[in-house]
Amino acid sequence: MRLNHKVALLTGGTSGIGEATALLFAHEGARVAITGRNAERGEKITEKIKRSGGRSIFIKTDVRHAMDCKAAVDSTLGEFGRLDILFNNAGLFYAHDALECSEDEWDLQIDVNLKGTFLMSKYALPAMIAQGSGVIINNSSGWGLVGGDKAVAYCASKGGVVLLTKAMAVDHGRQGIRVNCICPGDVDTPMLPEDAKFRGLKWDDYIAGAANRPMGRVGTAEEIAKAVLFLASDDSSFMTGAALVVDGGGTAD
């Protein structure tokens, strides 16, 4: 029960890392607000949490829009009375280099991955500042630290998330708020098959590439969720401004 009596707001909580983290947070005692654009999936996850004895709500949200982000924070505060943890997880990826990437595709990835992280943090911070405590965890990527092939907009957006994290950590540390980011490698989520499809690769060929990395496999959403839990809990009480890499050694190779 490392998050007992805490309130957590998670974006992109309807699948993959977001879903796994929402379920783990609830298991650890948190009251959980989940956002996403798919209401059906979101309601299924909140019902699963409620059946296990937890408290959860779903808020339909598009993190590209300021008023949606503000409404998500306001709804969380209205339901639970406080906000202790924000996990900025919403993100998307298209596999294109600078020549192939359209302006619209560039804008979409920057808006969801980077601007959405900024907007959610902007509206969550006042409540955290008022209560004198809070934790923000941003989902970046190993490709926010090193370059990746055919991922120009994604790398730019996730690199921005890393430095946004550090800047907010500097600004708000003395207000009792810790800000860190997680940098996953390849993880078995719905985003991975989509990447294979964009690259024109068969799944078996795509997944075989993971065998060349130090741990020889992709990660699971549950493994990343455990790292997010560490950053959300008091186990990481002296960490802020950090980019925690959880990639099976991919960026070390």
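Quantities reported herein were computed from a predicted structural model and do not represent experimental measurements. Residue positions within a chain follow its written sequence, with the count starting from 1. Given that the model is predicted, a residue must reach a pLDDT of at least 70 before its local features are reported, and side-chain atom pairs must reach 80 or more before they are shown or counted; all residues, however, enter totals for whole chains, interfaces and linings. Here the side-chain values reflect all heavy atoms present in the structure, with hydrogen atoms and water set aside.

Draft legend 1. Fine view of the overall build of the protein chain. Helix and strand assignments come from DSSP, with helices taken as H or I runs of at least 4 residues and strands as E runs of at least 2, each series counted from the N terminus. Within the protein chain, the regular secondary structure consists of eight helices and seven strands. A compact globule built from 253 residues would reach a C-alpha radius of gyration of about 18 Å, and the protein chain, at 17 Å, matches this within 12%. Its C-alpha atoms give the protein chain principal-axis dimensions of about 50 × 40 × 35 Å. Any residue under 20% of the maximum accessible area for its type is buried, any over 50% is exposed, and the rest in between are partly exposed; the area is computed with a 1.4 Å probe on protein chains only. Burial analysis of the protein chain (253 residues in total) assigns 49% to the buried set. Note on definitions: a residue-residue contact is assigned when non-hydrogen atoms from the two residues lie within 4.5 Å. For the protein chain, long-range pairs separated by at least 24 residues make up 72% of all intrachain contacts whose partners lie at least 6 apart in sequence. Carbon and sulfur atoms form 53% of the exposed surface of the protein chain, whose accessible area is close to 11,600 Å². Put simply, the radius of gyration uses C-alpha atoms, and a globule should come to 2.2 Å times the residue count raised to 0.38. Note on areas: these come from Shrake-Rupley sampling with a 1.4 Å probe, and a residue is covered only by the protein chains present in the view.

Draft legend 2. Representation of helix α3 (residues 66-80) in the model. A helix's residues, less one, multiplied by 1.5 Å, set its expected span. For α3, spanning 15 residues, the distance from its first C-alpha to its last is 21 Å, which sits close to the expected 21 Å at 1.5 Å a residue. When α3 is considered as a whole, its buried residues turn out to be Cys69, Ala72, Val73, Thr76 and Phe80. The buried residues of α3 occupy one face: seen down the axis, they fall within an arc of 90°. Facing away from the buried side of α3, by more than 90 degrees, are the exposed residues Met67 and Gly78. Considering only its buried residues, α3 is in contact with β1 (7-10), β2 (31-36), β3 (56-60) and α4 (103-131). Of all possible arcs, the one meant is that of the directions from the helix axis to the C-beta atoms.

Draft legend 3. Structural view of the packing of aromatic side chains. We call Phe, Tyr and Trp rings a pair once their centres come within 6.5 Å, taking the six-membered ring for Trp, and we label the pair stacked below 30 degrees between planes, edge-to-face above 60, and tilted otherwise. By the definition in use, this model includes two aromatic pairs. Ring-pair connections join several aromatic residues into one group, and the members of that group are Phe93, Trp143 and Tyr154.

Draft legend 4. The arrangement of the pattern of salt bridges in detail. Note on definitions: salt bridges are taken to be side-chain nitrogens of Lys or Arg within 4 Å of carboxyl oxygens of Asp or Glu. Here the structure, examined in full by the defined rule, presents 11 salt bridges. We note a salt bridge from Lys44 to Glu40, for which the minimum N-O separation is 3.8 Å. One end of the pair is Lys44 and the other is Glu40, both in helix α2 (residues 39-51) and four residues apart, which spans about a single turn. Taken individually, Lys44 and Glu40 each receive the classification exposed, so the pair is uniform in this respect.

Draft legend 5. Geometry of the sheet that holds strand β6 (residues 177-184). Pairing is parallel across the open sheet formed by seven strands, whose spatial order is β3-β2-β1-β4-β5-β6-β7. For this open sheet the edge positions go to β3 and β7 (243-246), each flanked by a neighbour on one side alone. Ignoring which end each strand starts from, the neighbouring axes of this sheet average 20° apart. Taken together, the three bridges between β1 and strand β4 (residues 85-88) define a ladder with parallel strand orientation. Across the sheet, the residue bridging to Ala8 is Ile85, located in β4. Two strands pair if DSSP finds at least two bridges between them. Axis lines are fitted through C-alpha atoms, for helices just across the contact stretch, and the angle between N-to-C directions can take any value from 0 to 180 degrees.

Draft legend 6. A look at the pairing of strand β5 (residues 134-139). Along β5, six of the six residues are buried, which leaves the element largely enclosed by surrounding structure. As defined by bridge partners, β4 adjoins β5 across four bridges and the pair is classed as parallel. Bridge pairing in β5 links Phe87 to Ile137. In the classification by handedness, the crossover that spans β4, the intervening α4 and the parallel β5 is right-handed. Where β5 meets β6, six bridges bridge the pair, whose relative direction is parallel. Within β6, the position partnered with Val135 by the bridge is Arg178. With the strands pointing away from the viewer, any crossover whose connection runs clockwise from the first strand over the helix to the second is right-handed.

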